[in-house]
Amino acid sequence: MADNRSATLRFDNKEIELPIYSPTAGPDVIDIRKLYGQGGVFTYDPGFTSTASCDSTITFIDGDKGELLHRGYPIDQLAEKSHYLEVCYLLLYGELPTGKQLEDFESLVTNHTMLHDQMSYFFRGFRRDAHPMAILVGVVGAMSAFYHDSTDISDPQQREVASIRLIAKMPTIAAWAYKFSIGQPFIYPRNDLDYASNFLRMCFAVPAQDYEVNPILSRAMDRIFTLHADHEQNASTSTVRLASSSGANPFACIAAGIACLWGPAHGGANQACLEMLKEIGTPDRIPEFIARAKDKDDNYRLMGFGHRVYKNHDPRATVLKQSADEVLNLLGVEDNPLLQVAKELEKQALEDPYFSEKKLFPNVDFYSGIILEAMGFPTSMFTPIFALSRTVGWISQWKEQLDDPQLKIGRPRQLYQGAAMRDYVDVEKR
Ligand code: ACO
């Protein structure tokens, strides 16, 4: 990684040499780790807009080209030719599996999908109107109370078992969160179904009547999982890494990631986007919403537009736009008014200089909500589905971090701008 170039930083009467590293792809990186020791100064980068928090070999995004690679493989190829569990294997272990490795991995995941039976009582403790994300954060965090034999992070075998358990049980947990919220009995996983079909069945079957999984819907579901599987050092992944840097157990770390994903600027954007499309309602109202998004005095934003890293088309949005057409065609709702509004909004926004100058393009959330709603999911399930899909990315990054011999607890510094030291004043004198 190191090359023999360096950057020189001069300030006051000091001169500090900082090593420069050349990555496989992406901009060069200046190593500032010695800066405080040698120069007595911190760097200031709220929002980490110019800071690499770790080195990683898992995922790479070229935001200018609109490119997303997992272990070097472009996401559009994976979405078209691969499937979610194969991508999970790739993310976790670094290479595409052989046929036998894939078969073993799929069987391993499939055989861990059931939850400890005691967990069903844990679900029942929530209010029926709890948001499924609230249930997900709680239940995943609580896994550390149910699976004691996979919380010792110093044991590679326990780390492996925890990883498989999380990937395998997330669909069951997410589906049960949904079932609980609609007052229906929990549906147990079935080992003869693939990952996506199993999830759809656990969400939509009822004991009174079995559920035939439509292979086109199952393929679309699998594609949504695949497109959300990892996205390098985003907010929730960085949260998982930060939580894990203290030595927290894997279930606690993934619960932290889920909590972060919940926010509307991150995983909550797909729910917010569909709500926005419904609020717009008809194409004739689009200019009004575009005008609001452009108004400096209004903090309204077009949901599903813009991205911290992509300054070009989000490749995941391109795949999902096509998927939305396929699913709505299959369901016979190709004239779905939300899809019409979405397509027209995308067109008008992309033609508007405000959006082109700021390089704001539709992101992954723009079309995913339309597909999920057409499949029958309520908006409250959109972010849980994102969390389910992203679990493998969080786990892969978590594993990578724990294998790093240079691992240190994450501890950012600050630019303190509060009061200088002052003496306490007794309450009667204030
Ligand atoms: N609508 C209108 N204007 C926007 C939008 C938007 N969706 N997104 C950014 N802008 C404008 C900002 O007002 C800002 O303008 P200014 O320079 O005149 O002040 C400029 O574009 C840059 O915006 P920042 O907020 O500085 O960009 P940042 O990289 O911090 O934000 C973010 C990225 C949070 C995704 C933002 O684009 C946004 O809020 N989008 C809507 C929410 C959304 O879709 N989130 C999903 C992200 S993808 C994911 O998590 C899976």
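Data block above holds the structure.
Residues numbered from 1 in each chain as written. Predicted model: local features only at pLDDT ≥ 70, side-chain atom pairs only at ≥ 80, totals over all residues. Heavy atoms only, no water.

Q: Could you clarify how one ought to interpret the overall build of the protein in this entry?
A: What the protein contains, in helices and strands, is 18 helices and six strands. Relative to the 2.2 N^0.38 estimate, which gives 22 Å for 430 residues, the radius of gyration of the protein is 23 Å and therefore close to what a compact globule would have. Here the C-alpha coordinates of the protein stretch approximately 75 × 65 × 55 Å along the principal axes. By sequence separation, contacts in the protein at least 24 residues apart represent 68% of the contacts at least 6 residues apart. As presented, the protein carries roughly 21400 Å² of accessible surface, and 52% of it is formed by carbon and sulfur atoms. Charged side chains in the protein number 43 positive and 56 negative. The centres of these two groups are separated by 5 Å. (Helix = DSSP H or I, 4+ residues; strand = E, 2+ residues; numbered from the N terminus. Rg over C-alpha atoms; globule rule 2.2 N^0.38 Å. Contact = heavy atoms within 4.5 Å. Areas by Shrake-Rupley, 256 points an atom, 1.4 Å probe, with all protein chains shown as cover. Lys, Arg positive; Asp, Glu negative; His and termini not counted. Charge placed at Lys NZ, Arg CZ, Asp CG, Glu CD.)

Q: Could you clarify how one ought to interpret the site of the ligand in this entry?
A: Taken together, 20 residues lie around the ligand, and Lys296, Leu302, Gly304, Arg308 and Lys358 are the ones closest in. The separation between an oxygen atom of the ligand and a polar side-chain atom of His266 is 3.0 Å. A distance of 2.8 Å is found between an oxygen atom of the ligand and a side-chain nitrogen or oxygen belonging to Lys358. When isolated, the ligand has an accessible area of 920 Å², and the protein chains bury 74% of it. (Near = heavy atom within 4 Å. Polar contact = N/O pair within 3.5 Å; in protein donor to acceptor, adjacent residues only side chain to side chain.)

Q: Could you clarify how one ought to interpret empty space enclosed by the protein in this entry?
A: Picture a little ball the size of a water molecule; that probe, rolled over the atoms, points out where space is still empty. Throughout the structure, instances matching the rule amount to one cavity of 30 Å³ or more. There is about 80 Å³ of room inside the largest cavity. If you go around the largest cavity, you meet 14 residues; those closest to its centre are Thr110, Thr113, Asp194, Tyr195 and Asn198. If you list the elements that add at least two residues to the lining of the largest cavity, you get helix H4 (99–110), helix H7 (156–181) and helix H8 (195–204). The class makeup of the residues in the lining of the largest cavity is seven nonpolar, five polar and two charged. (1 Å grid on protein atoms, 1.4 Å probe; cavity = no way out; pocket = protein on both sides within 12 Å on 5 of 7 lines; lining within 4 Å. Points joined across faces, edges and corners; volume = space filled by probe spheres on them. Nonpolar A, V, L, I, M, F, W, Y, C, P; charged D, E, K, R; others polar.)

Q: Would you take a moment to explain helix H17 (residues 365–375) for this structure?
A: For the α-helix, the turn length of 3.6 residues means that residues three or four positions removed from each other point alike. For H17, the tally of buried residues reaches nine of 11 residues, placing the bulk of the element in the interior. Asp365, Phe366, Tyr367, Ser368, Gly369, Ile370, Ile371, Leu372 and Met375 are the residues of H17 that are buried. For H17, the secondary structure elements touched by its buried residues are H8, helix H9 (215–227), helix H12 (269–280), helix H14 (315–330), helix H15 (337–351) and helix H18 (382–402). After H17 finishes, the residue Gly376 shows a positive phi value of roughly 115 degrees. (Buried < 20%, exposed > 50% of the residue type's maximum accessible area, 1.4 Å probe, protein only.)

Q: What's the story with the state of the cysteines in this structure? I'm lost.
A: Simply put, the disulfide is a covalent bond whose two ends are the sulfur atoms of two cysteines. Going through the model one piece at a time under the given rule, you end up with zero disulfides. Cys88 takes part in no disulfide bond, and the closest cysteine sulfur to it belongs to Cys203, at a distance of 17 Å. The class of Cys203 is buried, set by a relative accessible area of 1%. (Disulfide = S-S within 2.5 Å.)

Q: I keep staring at the packing of helix H6 (residues 132–146) against H18 and nothing clicks. Help me out?
A: To characterise two packed helices, one gives the angle between the axes of the helices and the distance between these axes. Where H6 contacts H18, the axes come no closer than 8 Å and their chain directions differ by 35 degrees. Side by side, H6 and H18 meet where Pro132, Met133 and Leu136 of the first sit next to Thr383, Pro384 and Ala387 of the second. When its residues are assigned to classes, the contact of H6 with H18 shows five nonpolar, one polar and no charged. (Axes fitted to C-alpha atoms, helices over the stretch in contact; angles between N-to-C directions.)

Q: So what exactly am I meant to see when it comes to the sheet that holds strand E6 (residues 73–74) here?
A: With antiparallel pairing, three strands are arranged side by side in an open sheet as E4-E5-E6. At either margin of the open sheet sits one strand with a lone partner, and together these are strand E4 (59–62) and E6. Examined bridge by bridge, strand E5 (residues 67–70) and E6 share two bridges and lie antiparallel to one another. Pairing of Leu69 across the sheet is with Pro74, part of E6. (Pairing = 2+ DSSP bridges.)

Q: Would you mind showing me how to read the packing of aromatic side chains here?
A: Two descriptors summarise a pair of aromatic rings, namely the distance from one centre to the other and the angle between the planes of the rings. As enumerated under the stated definition, the model contains 24 aromatic pairs in all. Taken together, a centroid distance of 5.1 Å and an interplanar angle of 90 degrees make the contact between Phe366 and Tyr367 edge-to-face. Summarising the burial analysis for this pair, Phe366 and Tyr367 share the class buried. Note that Arg128 overlies the ring of Phe180, its terminal NZ or CZ placed 4.1 Å from the centroid. The ring of Tyr36 has Arg413 lying over it, and the distance from NZ or CZ to the ring centre is 5.3 Å. (Phe/Tyr/Trp six-rings, centres within 6.5 Å; stacked < 30°, edge-to-face > 60°. Lys NZ or Arg CZ within 6 Å of the ring centre and 35° of its normal.)

Q: What exactly am I supposed to notice about the pattern of salt bridges here?
A: A side chain of one charge can pair with a side chain of the opposite charge when the charged atoms of the two come close. Scanning the model with the defined rule gives 23 salt bridges in all. Notably, a salt bridge pairs Arg165 with Asp149, separated by 2.8 Å at the nearest N-O pair. Separated by 16 residues along the polypeptide, Arg165 in helix H7 and Asp149 in the loop between H6 and H7 bring together distant segments of the chain. A residue is classified by how much of its surface remains accessible, and Arg165, at 11% relative accessible area, is buried. Its relative accessible area of 48% is what places Asp149 among the partly exposed residues. In this structure, Asp352 engages Lys294 in a salt bridge whose closest nitrogen and oxygen atoms are separated by 2.9 Å. Highlighted residues: Asp352 in the loop between H15 and helix H16 (353–357) and Lys294 in helix H13 (residues 286–294), separated in sequence by 58 residues. On the basis of relative accessibility, which here comes to 12%, the residue Asp352 falls in the buried class. Linked by salt bridges that have partners in common, Arg190, Asp192, Arg201 and Asp210 make up one network. (Salt bridge = Lys/Arg side-chain N within 4 Å of Asp/Glu carboxyl O.)

Q: Honestly, the nonpolar core in this entry has me stumped. Any pointers?
A: Grouped burial of nonpolar side chains is what soluble globular proteins tend to show. If you look at the biggest cluster of nonpolar residues, it comprises 113 residues, and the most contacted ones within it are Phe199, Met221 and Phe377. If sequence neighbours within four positions are ignored, Phe199 has contacts with Pro171, Ala174, Ala175, Met221, Phe225, Phe377, Met381, Ile385 and Leu388. (Core = buried A, V, L, I, M, F, W, Y, C linked by side-chain atoms within 4.5 Å.)

Q: How should I be thinking about the packing of H9 against H14 in this particular structure?
A: Put simply, H9 and H14 touch, their axes get as near as 10 Å, and they point 165 degrees apart. Taken as axis vectors, H9 and H14 run roughly antiparallel relative to one another. Between H9 and H14 the crossing geometry is left-handed. Of the residues in H14, those touching H9 at Ile216, Leu217, Ala220, Arg223, Ile224 and Leu227 are Arg316, Val319, Leu320, Ser323, Glu326, Val327 and Leu330. Split into classes, the residues belonging to the contact of H9 with H14 amount to nine nonpolar, one polar and three charged. (Parallel < 35°, antiparallel > 145°, perpendicular 65-115°, else oblique. Left-handed = near helix turned anticlockwise from the far one by under 90°.)

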